[in-house]
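A structural walkthrough
Here is how the chains run, residue by residue.
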Amino acid sequence: MDKIFLPHLQKIEPHAQFTFRFPIIESSLGRKYYAKVGSLSEREQFVGEAESLRAIHNAAPGLAPQVLAAVGPDDSSATSEPPYFLSEYWDIKSLTSNHKAGEELGMRLAAELHAYKSTTGFGFHVPTFCGATRQDNGWYQTWEECYSAMIGSLLAKLRDKGRFSELCTKGEQVRSKVIPFLLRPLEIEPVLLHGDLWSGNAGIDTLLGQPVIFDPSSYYGHNEADLAIARIFGGFPRSFFEKYHEHLPKTEPVDQYELRADLYELYHYLNHTVLFGSSYAGSALRKMTALLGAFP
């Protein structure tokens, strides 16, 4: 693996020597890097992560590790050579209960990441992966179409498992009734999302004391969707949400904010059902029942 990364490292630090202890590489000048190599079958995952991080760096420099070298979506050698990834290395500690860091993250998310708009539409230019689940992405002219396609993709994966018939039936009802009602009237623009912003993908850089995010599954969508999995699993101080909405108020109609939150949480409950099985199916079903009950 040294041969893959050494040419890239020598361009960054031409006078340094490098010690390889994968996934960490350390230079004789004290700089550290994170590096990994995958199998040919993991090419899309590597491309999706790298393109997500590059977009986040453009939107909010320093909020996520900068990609220094990686296989690209148009890399002609990608089909015959293992995918690779090289980025900054940060020593990261938990964000939980850190009031100040929570405020800073909420502010940066609202003022920078979720202010970075797409001129192409809703979606993303390459597939990304929420956990191990492939998000097909592509481009859509409306948020309603984009989100309905995302939910539909998860329902298709559940159908392929030969189980979860009630979940799939109610899921299609959510697509036909709830999504048009809640999302069609929104006057929003597509902004860059992290896509999988739970507490395990956020933290504090121990060197600088600044909040950071990583392991994204990005796409351009409604900003409120990026808060969903943080609400589900916790780990973010209350100051995060308060400061976020101080800088980016809830979308009108505000009285439907909680219903939209339930709808956006549904994506992650369905995805966890795809990934981990029936232990999450009940939570997904309860969300669907509540949403459908609000729109008889």
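Residues numbered from 1 in each chain as written. Predicted model: local features only at pLDDT ≥ 70, side-chain atom pairs only at ≥ 80, totals over all residues. Heavy atoms only, no water.

1. Structural notes on the overall build of the chain
We count it as follows: Helix and strand definitions here come from DSSP, where helices need a minimum of 4 consecutive H or I residues and strands a minimum of 2 consecutive E residues; each element is numbered from the N-terminal end. Both definitions apply: the radius of gyration is a C-alpha atom measure, and the globule rule equals 2.2 Å times residues to the power 0.38. To sort residues, take the accessible area from a 1.4 Å probe on protein chains only and compare it with the maximum for the residue type: under 20% means buried, over 50% means exposed, and anything in between is partly exposed. Contacts are residue-level and defined by heavy atoms, with any inter-residue pair within 4.5 Å sufficient. In this description, accessible areas are obtained by the Shrake-Rupley approach with a 1.4 Å probe, and a residue is regarded as covered only by the protein chains that are shown.
Across its full length, the chain holds nine helices and 14 strands. Against the 2.2 N^0.38 benchmark of 19 Å for 296 residues, the chain shows a C-alpha radius of gyration of 20 Å, consistent with a compact globule. Taking the principal axes of the C-alpha coordinates as reference, the chain spans close to 70 × 45 × 35 Å. Within the span of the chain, comprising 296 residues, buried residues form 51% of the whole. Taking the intrachain contacts of the chain between residues at least 6 apart in sequence as the baseline, contacts between residues at least 24 apart amount to 68%. With the model as given, the accessible surface of the chain reaches about 13600 Å², and the carbon-plus-sulfur share is 50%.

2. Some remarks on the sheet that holds strand β13 (residues 211-213)
Operational definition: Note on pairing: two strands pair once DSSP finds at least 2 bridges between them. Axis angles are defined between N-to-C directions and span 0 to 180 degrees, where every axis is a line fitted to C-alpha atoms and, for a helix, only to the segment in contact.
Taking strand neighbours across the sheet as the criterion, the three strands line up as β6-β12-β13 in an open arrangement whose pairing is antiparallel. Since the sheet does not close on itself, it has two edges, and those belong to β6 (92-93) and β13, each with one partner. Alignment of strand β12 (residues 202-205) against β13, held across three bridges, turns out to be antiparallel. Within β13, the residue paired with Gly203 across the bridge is Val212. Across the sheet, helix α3 (residues 99-111) lies against β12 and β13, angled at about 55 degrees from β13, the strand it touches most.

3. Overview of helix α9 (residues 281-293)
Here is the rule: Each helix should span, by expectation, one fewer than its residue count multiplied by 1.5 Å. Of all possible arcs, the one meant is that of the directions from the helix axis to the C-beta atoms.
The end-to-end C-alpha distance of α9 is 18 Å, a good match for the 18 Å that 13 residues give at a rise of 1.5 Å each. Those residues of α9 not exposed but buried are Ala281, Ser283, Ala284, Lys287, Met288, Leu291 and Leu292. Along α9, the residues classed as buried sweep out an arc of 165 degrees about the axis, all on the same side. Turned more than 90 degrees from where α9 packs its buried face, Arg286 and Gly293 sit exposed. Here the buried face of α9 lies against α4 (143-160), α5 (165-183) and α8 (257-276).

4. Thoughts on the packing of α5 against α8
Selection rule: Roughly parallel means an angle under 35 degrees; roughly antiparallel means over 145; roughly perpendicular covers 65 to 115; every other angle is labelled oblique. Here is the rule for handedness: rotate from the far helix to the near one, and if that takes an anticlockwise turn smaller than a right angle the crossing is left-handed, while a clockwise turn gives right-handed.
For the pair α5 and α8, the least separation of the axes is 11 Å and the interaxial angle reads 150 degrees. With respect to their mutual orientation, α5 and α8 come out roughly antiparallel. Judged by the sense of rotation from one axis to the other, the crossing of α5 with α8 is left-handed. Contact residues: Leu167, Val174, Val178, Ile179, Leu182 and Leu183 in α5; Leu259, Arg260, Leu263, Tyr264, Leu266, Leu270 and Thr273 in α8.

5. Observations regarding the environment of Asp91
Its place among the elements puts Asp91 in the loop between β5 (84-88) and β6. Residues Asp91 and Leu6, 85 residues apart in the sequence, show an inter-C-alpha distance of 22 Å. Apart from the residues within four sequence positions on either side, Asp91 is in contact with Ile204, Asp205 and Thr206.

6. Considering the sheet that holds strand β2 (residues 24-27)
Spatial ordering of the open sheet is given by β1-β2-β3-β5-β4, a layout of five strands whose pairing is antiparallel. Strands with a single pairing partner mark the edges of an open sheet, and in this sheet they are β1 (18-21) and β4 (67-70). Sheet twist, expressed as the mean angle between neighbouring strand axes with direction ignored, is 20 degrees. For strand β3 (residues 32-37) and β5, the ladder comprises five bridges, and the chain directions are antiparallel. Bridging from a neighbouring strand, Ala35 pairs with Leu86 of β5. Sheet strands in contact with helix α1 (residues 2-12) are β1, β2, β3, β4 and β5, and its direction is about 35 degrees off that of β5. Against the sheet, helix α2 (residues 43-59) contacts β3, β4 and β5, and its axis sits at roughly 150 degrees relative to β4.

7. Re the pairing of β12
As paired strands, β6 and β12 are joined by two bridges and run antiparallel to one another. Counted as the bridge partner of Ile92 is Asp205 from β12. Taking the residues between adjacent antiparallel strands as the criterion, β12 and β13 are bridged by five residues, where Gly209 takes a positive phi near 75 degrees.

8. Quick word on the packing of aromatic side chains
Inclusion rule: Ring pairs shown here join Phe, Tyr and Trp side chains whose ring centres sit within 6.5 Å, with only the six-membered ring taken for Trp; geometry is labelled stacked below 30 degrees between planes, edge-to-face above 60, and tilted in between. Lysine and arginine charges are scored as sitting over a ring when NZ or CZ, respectively, is within 6 Å of the ring centre and within 35 degrees of the ring normal.
The full count for this structure, using the stated rule, is 17 aromatic pairs. Across from the ring centre of Tyr257, 4.5 Å away, lies the NZ or CZ of Lys250, which sits over that ring.

9. Things to note about the packing of α8 against α9
Between α8 and α9, the shortest axis-to-axis distance is 8 Å and the interhelical angle comes to 150 degrees. In terms of axis orientation, α8 runs roughly antiparallel to α9. In the crossing of α8 with α9, the sense of the turn from one axis to the other is left-handed. Taking contact as the criterion, the partners of Leu259, Asp262, Leu263, Glu265, Leu266, Tyr269, Leu270 and Thr273 in α8 are, on α9, Ala281, Ser283, Ala284, Lys287, Met288 and Leu291.

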